[in-house]
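Understanding the architecture of this molecule
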Amino acid sequence: VNGSFFAALRNTKTLLYMGIVSLFLNAFFNTVFMHLMGVKGIALSTSVTMSIISIYLIYLLKRHLDISDLSEIRSNFYRMILSAACMLGAGFIFLKLFEITGISRWVYVPVVTVSTSVIYLGIIYVFRTDELNKCLKVFIRMLNTLRKERPIS
């Protein structure tokens with residue numbers, strides 16, 4: 001997402017520099033975490049690298065767009081984190097329940113995936129942030145446009 005902002009602002013040099021930095025950071029963290037955790041450390045190193053790069057890109061974007069207050073953005077971020085945590089908890093509970101019942105993975109994995117996604121979207125909908133309302137309006141407009149363009153047979 002951060003890259004899209006900088007591309008839209010025609011500031012691609014920043015993207016190039018951050019891409020180069022991310023390569024070196026990822027190599028460094030791969031080496032460190034692989035020695036500590038083995039192969040599992042690779043995923044963690046990528047997550048740490050992307051977190052560092054994202055935080056720095058947000059800082060640059062804030063400075064470039066002269067945004068002084070991030071409280072609303074932070075508030076929405078906390079709402080998404082809370083929703084994701086609820087989704088994760090529900091997913092673990094559903095998985096354990098299905099594993100106890102002995103139902104095949106071919107059945108319960110898609111069911112758990114859909115149900116946890118619905119839970120996530122439901123919690124986000126309950127929060128009703130401005131961003132979500134805007135996204136819903138755009139989505140509804142797209143559906144209406146598609147419905148109008150569909151030929152009647």
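Predicted model, so just to flag it, every value in this text is computed and none were measured.

Rules of the game
- Residues numbered from 1 in each chain as written.
- Predicted model: local features only at pLDDT ≥ 70, side-chain atom pairs only at ≥ 80, totals over all residues.
- Heavy atoms only, no water.
- Helix = DSSP H or I, 4+ residues; strand = E, 2+ residues; numbered from the N terminus.
- Expected span 1.5 Å × (residues − 1).
- Buried < 20%, exposed > 50% of the residue type's maximum accessible area, 1.4 Å probe, protein only.
- Core = buried A, V, L, I, M, F, W, Y, C linked by side-chain atoms within 4.5 Å.
- Patch = residues over 30% accessible without salt bridge, like charges linked within 9 Å, V, L, I, M, F, W, Y side chains within 5 Å.
- Areas by Shrake-Rupley, 256 points an atom, 1.4 Å probe, with all protein chains shown as cover.
- Salt bridge = Lys/Arg side-chain N within 4 Å of Asp/Glu carboxyl O.

Let's shift gears to helix α2 (residues 12-37). Between its terminal C-alpha atoms α2 stretches 35 Å, which fits the 38 Å expected from 26 residues at 1.5 Å a residue. Turning to α2, its buried residues number three or more, namely Thr 14, Met 18, Ser 22, Phe 29, Asn 30 and Phe 33. Just past α2, the residue Gly 38 takes up positive phi, approximately 80°.

Of all hydrophobic cores here, the largest spans six residues; its members are Phe 6, Met 18, Ile 53, Leu 57, Leu 60 and Leu 61. With four residues, the top contributor of residues to this core is helix α3 (residues 40-64).

Right, let's talk about a nonpolar patch on the surface for a bit. A grouping of Tyr 125, Leu 136, Val 138, Phe 139, Ile 140, Met 142, Leu 143 and Leu 146 is seen on the molecular surface, where their side chains present a nonpolar patch of about 720 Å² in accessible area. In terms of residue count, helix α6 (residues 130-149) provides more of the nonpolar patch than any other element does, seven residues in total. Following the sequence through the fold, Phe 139 ends up in helix α6. Owing to a relative accessible area of 45%, Phe 139 belongs among the partly exposed residues under this scheme.

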